Amino acid sequence: MSINTLEQYLPENTLTFLKKWFADYRIHIRITKDRNSKLGDYRKMPDKSHQITVNSTLDKQLFFFVLTHELAHLLAFENFNFRISAHGKEWKDTFREMLLESISVYTDDLKPIIFKYSKNPKANFMASPELVRYFHIENSDDNLVFVEDLLINDEFRYKGDNYKLLEKKKKLYLCINSSNNNKYLFRALAKVEKLIINEEQ
């Protein structure tokens, strides 16, 4: 992918950082369709090149954030070898440095969130409540809510199945599947469709 094509998905003034981070590595960046399971990923290819994928539907600032996350994997593995943990100390330190180096790219309301996040980067974006909330601001017109916004006994639909919220257990929420009565734990920021029950029926 050319830099010009990539630039369409990025905030302004990011290329200086990317050119520095790309350095002399052979990197294939693929823009993918929206994936519910992940925002991006990184892998080293058999020919020693590197492949990074990022979802095409992301907000430009989030796209750059995810691209930085995946590039941090590349740099950590190259600098500390491939025996390190994928999201261990080496990756956290690398990602932190990259976020702080490029923090000027982000808008003023996002900078404090990025700065706070950089102190202890998370492996999973969904484990970062402030970032998740920030990038869902524009989704206020959909029918989805966070599990943490539900009340006990509220019913909701998730991936085609109906559930009822039973209780909060530490940071997770215990729910029961209405079809098979199996119980499942949901993250606080899982997005679900709240079901409105007509009690008069």
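Before any of the text, the structure's been laid out above.
Residues numbered from 1 in each chain as written. Predicted model: local features only at pLDDT ≥ 70, side-chain atom pairs only at ≥ 80, totals over all residues. Heavy atoms only, no water.

Provide a residue-level description of the overall build of the chain, including the pertinent values.
Tallying secondary structure elements over the chain gives six helices and nine strands in all. Seen along its three principal axes, the alpha-carbon backbone of the chain occupies a region of about 65 × 35 × 30 Å. Residue pairs at least 24 apart in sequence account for 48% of intrachain contacts in the chain once pairs closer than 6 positions are excluded. For the chain, the computed accessible surface area is about 12300 Å², with 47% contributed by carbon and sulfur atoms. Considering the chain, the positive charge centre built from 31 side chains and the negative charge centre built from 28 side chains are found 7 Å apart. (Helix = DSSP H or I, 4+ residues; strand = E, 2+ residues; numbered from the N terminus. Contact = heavy atoms within 4.5 Å. Areas by Shrake-Rupley, 256 points an atom, 1.4 Å probe, with all protein chains shown as cover. Lys, Arg positive; Asp, Glu negative; His and termini not counted. Charge placed at Lys NZ, Arg CZ, Asp CG, Glu CD.)

Tell me about the packing of aromatic side chains, and please be specific about residues and values.
To describe a pair of aromatic rings, you give the distance between the ring centres and the angle between the ring planes. Overall, the coordinates contain 17 aromatic pairs when judged by the stated rule. Centroid distance Phe-17 to Trp-21: 6.0 Å. Interplanar angle 35°. Geometry classified as tilted. Note that Phe-17 and Trp-21 are positioned in helix α2 (residues 15-22) at a spacing of four residues, about one turn of the helix. As far as the burial class goes, Phe-17 and Trp-21 line up, both buried. Look at Tyr-42 and Phe-77: their rings are 6.2 Å apart centre to centre, the planes differ by 25°, and that puts the pair in the stacked class. Separated by 35 residues along the polypeptide, Tyr-42 in strand β2 (residues 40-44) and Phe-77 in helix α3 (residues 60-80) bring together distant segments of the chain. Neither residue differs from the other here; Tyr-42 and Phe-77 are each classed as buried. Feature note: the residues Phe-65, Trp-91, Phe-95, Tyr-117, Phe-125, Tyr-134 and Phe-135 constitute an aromatic cluster, connected by ring pairs. (Phe/Tyr/Trp six-rings, centres within 6.5 Å; stacked < 30°, edge-to-face > 60°. Buried < 20%, exposed > 50% of the residue type's maximum accessible area, 1.4 Å probe, protein only.)

I'd like a rundown of the sheet that holds β2, residues and numbers included.
Here we have three strands laid out as an open sheet, ordered β1-β3-β2, and mixed in their pairing. With partners counted over all chains shown, the strands left at the sheet margins are β1 (27-32) and β2, one partner each. For this sheet, the mean inter-axis angle between neighbouring strands, taken without regard to orientation, is 15°. Across five bridges, β2 lies against strand β3 (residues 50-55) in antiparallel orientation. Opposite Tyr-42, over in β3, you have Ile-52 as the bridge partner. Docked against the sheet, α3 engages β1, β2 and β3, running at close to 160° with respect to β3. (Pairing = 2+ DSSP bridges. Axes fitted to C-alpha atoms, helices over the stretch in contact; angles between N-to-C directions.)

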